[in-house]
Amino acid sequence: MNVVLLGAPGAGKGTQARRLAEHLGLPPISTGDLLRAARSARSSLGQKAEKFMAEGKLVPDDLVIDLIRERLSGKDCLGGYILDGFPRTLRQAEVLDQNLLQNGAKIDRVVNLDVDPTELVKRLSGRRQCRGCGENFHVSFHPPKREGICDRCGGALFQREDDREEVIRKRLEVYQKETKPLVEYYRRKGNLKDVTGTGGLEEVFAAIVQALK
Ligand code: AMP
């Protein structure tokens, strides 16, 4: 099964994608994580992407499309995958559909995680991420048992540089303009389900699992 998780930054896509992937035995694929890895490795793509990411802007389509094309050709994707953070523009969605079609495949389900904008800012500004496993925490809503340490793998927690307030505003603006139109794109195709992303992690997870049935 090929699944896309749609939603604004801070809607919980990363956290839920990892859980869902574990539940379904499919790989979670986050273009944000792939880009951050490329940036840390100082690859040519990472260096090109760095400035856009730091400013909360989208990395140009062609770069992201090449990156995802390569990742989706991995053997672990043969049985399906959970996409988190891709597609983010209409062009990305169209290219993804065309590529899948060439292989006789399609996006089976799109889950749109809906969260109020003021809640998104609160979530993102208090978010802390694990350097080891990528798990997300929140200083108030989901604090780790030991400050600065991941409950899951013991890795160090850090604040993403794009989780600063001025960059958050830009990311939310970019979401409204570039990514939100995808909700209608997939709704028209008939494979989109809306899920309220406000609520406990378990509650939202259960709603996502239900939406995929
Ligand atoms: P994320 O971890 O999904 O919030 O992504 C972090 C940043 O990576 C975004 O703010 C963008 O700069 C970049 N990025 C991630 N996915 C995409 C995408 N599909 N298209 C363009 N830029 C992306």
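Notes on the structure follow. The structure displayed is predicted, hence computed values, not measured ones. (Residues numbered from 1 in each chain as written. Predicted model: local features only at pLDDT ≥ 70, side-chain atom pairs only at ≥ 80, totals over all residues. Heavy atoms only, no water.)

## A look at the nonpolar core
With 54 residues, the main nonpolar core has Leu-83 and Tyr-186 as its most contacted residues. Excluding residues that lie within four positions of it along the chain, Tyr-186 makes contacts with Val-4, Leu-6, Pro-87, Ala-93, Leu-96, Val-110, Asn-191 and Leu-192. (Core = buried A, V, L, I, M, F, W, Y, C linked by side-chain atoms within 4.5 Å. Buried < 20%, exposed > 50% of the residue type's maximum accessible area, 1.4 Å probe, protein only. Contact = heavy atoms within 4.5 Å.)

## With respect to the environment of Val-167
Within the secondary structure layout, Val-167 lies in helix H7 (residues 165-179). Taking the C-alpha atoms as reference points, Val-167 and Pro-60, 107 residues apart in sequence, are found 18 Å from one another. Leave out the neighbours within four places in its chain, and Val-167 touches Ala-54, Glu-55, Gly-56, Glu-161 and Asp-162. (Helix = DSSP H or I, 4+ residues; strand = E, 2+ residues; numbered from the N terminus.)

## With respect to the environment of Ala-37
With respect to the element layout, Ala-37 can be found in helix H2 (residues 31-40). Once the C-alpha coordinates of Ala-37 and Gly-148 are considered, the two residues, 111 residues apart in sequence, prove to be 21 Å apart.

## Remarks on the layout of surface pockets
A probe matching the size of a water molecule, rolled over the atoms, marks out where space remains unfilled. Volume-wise, the second largest pocket comes out at about 390 Å³. Along the walls of the second largest pocket sit 22 residues, with Leu-72, Ser-73, Tyr-81, Leu-100 and Asn-103 positioned nearest its centre. Mapped onto the lining of the second largest pocket, the elements with two or more residues apiece are helix H4 (61-72) and helix H5 (90-102). Looking at the lining of the second largest pocket, the element that brings in the most residues is H5, giving 5 residues. (1 Å grid on protein atoms, 1.4 Å probe; cavity = no way out; pocket = protein on both sides within 12 Å on 5 of 7 lines; lining within 4 Å. Points joined across faces, edges and corners; volume = space filled by probe spheres on them.)

## Considering the site of the ligand
In the neighbourhood of the ligand, 16 residues make up the surrounding shell, with Thr-31, Arg-36, Lys-57, Gly-85 and Gln-92 lying closest. Separating a nitrogen atom of the ligand from a side-chain N or O atom of Gln-92 is a distance of 2.9 Å. In the model, an oxygen atom of the ligand is placed 3.1 Å from a nitrogen or oxygen of the Arg-160 side chain. With the chains in place, 96% of the 470 Å² that the ligand exposes on its own is no longer accessible. Per element, the largest residue contribution to the shell around the ligand is 4 residues, and it comes from H2. Partitioned by chemical class, the residues of the shell around the ligand number 6 nonpolar, 4 polar and 6 charged. (Near = heavy atom within 4 Å. Polar contact = N/O pair within 3.5 Å; in protein donor to acceptor, adjacent residues only side chain to side chain. Areas by Shrake-Rupley, 256 points an atom, 1.4 Å probe, with all protein chains shown as cover. Nonpolar A, V, L, I, M, F, W, Y, C, P; charged D, E, K, R; others polar.)

Taken by themselves, the reported measurements are silent on function.
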